[in-house]
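Inside the fold
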Protein chains: 2
Amino acid sequence: MKKVTMLDVANHAGVSKSTVSQYLNKRYDYMAVETKSKIEEAIDELQYQPNIIARSLKVKSTKTIGVIVANILHEFSTQIIRAIEDVCHELGFHIIVCNADENPVKEEKYINMLYAKQVDGIIIFPTGENIDLYKQLQSSKFPIVFMDRLVPEINIASILLDNENASAVAVEEFITNGYSRIGIVTTSAFKNVTPRLERISGYKKAMQKYDLSMVSDYIRSVESDSIQLELKKMLSLPEPPQAILAGNDLALIEILKFVKKAKLSIPGDISVIGIDDVSFADLYNPPLTTIKQPTFEMGKMAAELLLNKIDGADNVLPKNIYRFRPKLIRRSSC
Amino acid sequence: MKKVTMLDVANHAGVSKSTVSQYLNKRYDYMAVETKSKIEEAIDELQYQPNIIARSLKVKSTKTIGVIVANILHEFSTQIIRAIEDVCHELGFHIIVCNADENPVKEEKYINMLYAKQVDGIIIFPTGENIDLYKQLQSSKFPIVFMDRLVPEINIASILLDNENASAVAVEEFITNGYSRIGIVTTSAFKNVTPRLERISGYKKAMQKYDLSMVSDYIRSVESDSIQLELKKMLSLPEPPQAILAGNDLALIEILKFVKKAKLSIPGDISVIGIDDVSFADLYNPPLTTIKQPTFEMGKMAAELLLNKIDGADNVLPKNIYRFRPKLIRRSSC
DNA sequence: CTGAAAGCGCTTACAG
DNA sequence: CTGAAAGCGCTTACAG
């Protein structure tokens, strides 16, 4: 697979490689039309494709960014990637996608590899565990944007949902529909993942605001595989909740499984709202009321912020956290 | 963001950069322990990260492959990417993900960019339209693997589902459950996308095999947004089908929407099987019988094949099409 | 208007 | 056991 190089083109066209390079970089200012067409021809005949690696080495920019997602199997990640890819494609950037699997060791490895590969910047859904590494990158002015999660120890631009508002909107919707005994179930928060923490605190604040009694038995943040058990306990209480807020898609799925097993009806026996507008929300029986994250806008914003930084607009703004408003999608589960 | 280079390390350690390079490439054969530790220290102190771009230029391998999916929003694509990423990660490869959006122009652009970026190989869900380009790559021995779709004009290793078998399995399941008037609905096949074509032909063959009458009104392959209309027509026939095979996830969703709107019951009024084990199959009421593609194995195989080719095991096997068996997942919609 | 030369940060045969 | 030199395929100031 011998590749044709700029030198081959130059020889073929009878000019120097400097001139070919000028041509490729569209500096036609002083170029004779004739030279131009000779080069054009040579490129065509030889099917020349420039070696971007060599170019990158010289110009110190790879036009590539890295995206490290926590888990690529989540629809949320995919939609974000899609949005990022869209804006990058516009601007001639490529993205290298990495899947950290919620694993700090993998995350570290990926960050280092991306750095070594000279990507121009990175968008990370941070595990939050590699603080020293984040700091090191930041202090060397390497462009980074965080997505979905905050790392309180460090002031890096971060895009996330207004999670507290998401919970508040859900609680209000429940109240509007006449429920007062409201619970929340989410996957484990022991890892300090921002969305989970904030969704719980948002729920608590909203309950307080509306003077509803906060029953600690109505609040559960546990591993996915314990949710069934916790739901069982919760709904066997002398006074069980009338409504449950699902903190994310996984929690919602567990709730739906439970409801089915227990042959409960929604919203008759229990009312449900889920954060994350899951793909089956519309199809479900009954259609599920959800709170949708503006994933597309979020991904777009992340890409734009990062590309700005790469362009040197290194505006270390005081306000570095970008919150996006969730949107209530009323269907029939509440 | 001045980066530290190998020369910095060499100076700091008081050796030449050749020696540092030897160290990095783990050629310790003749290296004095003392030299070794001096270099180690220097790397540590300077926080040196080698520039892989420079290395790539020299060794002519980027340890990066490109993956061009047809549409990253499909769960199928995501799962394939995940599987590819898993095997690549093992072997120190990175993947650049591109989203061709079923658009040949975008596909061409991406292929050229990836090539220019010196990726070591590409896995493509081909649109099938850029035949000349595929041929050109193949003739220059550039490693490629096709996924999900065949391009008959060209003999490139291709991974795909045994689509005819998928339809056959579905038809047989319908028959076992006592249905004989069986239809199939899939999204438009005008683009000659392999899975759609083969799923229809598989359906036809199976119907023939079991001596069931083939009613052309029961077979529809149209754009997503016309499916509602076609279903309405189909189910208003004097003798409507008792069972419908959904050719893919999109078709399935349309069928479910229709069923809901028309207040039909599954499987009472109409029995349904979907190809693609959609995420909500289990949750739906009733749980949906589906045919699952072994996405993980398929992605793994694609990656392994490609990496083999990259390694030079350029086995142009006569048999170049790898078919994977689908799996029936019996639930309650049939 | 075009070309020679230096250099980007590595690797690798080869000399000593 | 280690270093000097050439070279990977580009770009870019500068000379002419």
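Residues numbered from 1 in each chain as written. Chains lettered and ligands numbered in written order. Predicted model: local features only at pLDDT ≥ 70, side-chain atom pairs only at ≥ 80, totals over all residues. Heavy atoms only, no water.

Chain A appears in an unreviewed UniProt entry as LacI family DNA-binding transcriptional regulator from Lentibacillus salinarum.

**Brief notes about the sheet that holds strand β9 (residues 271-275) of chain A**
All names here are of chain A. The strand order across the open sheet built from six strands is β7-β6-β8-β9-β10-β12, with neighbouring strands paired in mixed fashion. Strands with a single pairing partner mark the edges of an open sheet, and in this sheet they are β7 (219-222) and β12 (327-329). Taking the axes of each pair of neighbouring strands and ignoring which way they run, one obtains an average angle of 15 degrees across the sheet. Relative to β7, strand β6 (residues 182-187) runs parallel, the two being bridged by four bridges. (Pairing = 2+ DSSP bridges. Helix = DSSP H or I, 4+ residues; strand = E, 2+ residues; numbered from the N terminus. Axes fitted to C-alpha atoms, helices over the stretch in contact; angles between N-to-C directions.)

**Notes on helix α5 (residues 75-90) of chain B**
Residues and elements named next belong to chain B. Across its 16 residues, α5 extends 23 Å between first and last C-alpha, which sits within 8% of the 22 Å expected from 1.5 Å per residue. Taking burial as the measure, the 16 residues of α5 include twelve buried ones, the bulk of the element. Regarding α5, the residues found buried are F76, S77, T78, I80, I81, R82, A83, I84, E85, V87, C88 and H89. (Expected span 1.5 Å × (residues − 1). Buried < 20%, exposed > 50% of the residue type's maximum accessible area, 1.4 Å probe, protein only.)

**Description of the interface of chain A and chain B**
Contacts between chain A and chain B engage 58 residues on the former and 58 residues on the latter. Carbon and sulfur atoms supply 60% of the area buried between chain A and chain B, which totals about 5400 Å² over both sides. On the chain A side of the contact with chain B, I53, H94 and L283 of chain A bury the most area, a combined 14% of that side's loss. Between the two partners, chain A and chain B, sit two salt bridges. Between R82 of chain A and D101 of chain B there is a salt bridge, with its nearest N and O atoms 3.0 Å apart. If you look at where chain A meets chain B, you find 28 residue pairs in polar contact (both at pLDDT 80 or more). (Contact = heavy atoms within 4.5 Å. Buried area = accessible area lost by both parts, 1.4 Å probe. Salt bridge = Lys/Arg side-chain N within 4 Å of Asp/Glu carboxyl O. Polar contact = N/O pair within 3.5 Å; in protein donor to acceptor, adjacent residues only side chain to side chain.)

**Looking at the protein's contact with DNA strand C**
Near DNA strand C you find 26 residues, and of these T35, K58 and K60 of chain A together with M6 and S21 of chain B are the closest. The sugar-phosphate portion of DNA strand C accounts for 66% of its atoms within 4 Å of the protein, the bases making up the rest. With respect to DNA strand C, the side chain of S18 of chain B contributes an N or O atom lying 3.5 Å from a base oxygen. In the environment of DNA strand C, a phosphate oxygen lies 3.2 Å from a nitrogen or oxygen atom belonging to the backbone of N51 of chain B. At the level of elements, α2 (17-24) and α4 (52-59) of chain A together with α2 (17-24) and α4 (52-59) of chain B are the ones that each hand at least two residues to the surface near DNA strand C. It is α4 of chain B that contributes the most residues to the surface near DNA strand C, five residues altogether. (Near = heavy atom within 4 Å.)

**Topic: the domain arrangement of chain A**
Residues and elements named next belong to chain A. When cut into domains, chain A gives domain 1 (6-50), domain 2 (63-161 + 296-326) and domain 3 (163-293). Of note, the centres of domain 2 and domain 3, computed from C-alpha atoms alone, are 29 Å apart. Each partner contributes to the interface: domain 2 provides 13 residues, whereas domain 3 provides 15 residues. When domain 2 packs against domain 3, close to 1300 Å² is buried across both sides, 47% of that on carbon and sulfur atoms. Ranking the residues of domain 2 by area buried against domain 3 places E75, L161 and P326 at the top, with a combined share of 40%. Summed over the shared surface of domain 2 and domain 3, the result is one salt bridge. Put simply, E198 and R323 hold a salt bridge, and the shortest N to O gap is 2.8 Å. Applying the counting rule to domain 2 against domain 3 returns three residue pairs in polar contact (both at pLDDT 80 or more). Where the side of domain 2 that touches domain 3 is concerned, the elements lending two or more residues are α5 (75-90) and β5 (158-161). Residues belonging to the side of domain 2 that touches domain 3 are distributed by class as follows: six nonpolar, one polar and six charged. (Domains from an automatic or database assignment. Nonpolar A, V, L, I, M, F, W, Y, C, P; charged D, E, K, R; others polar.)

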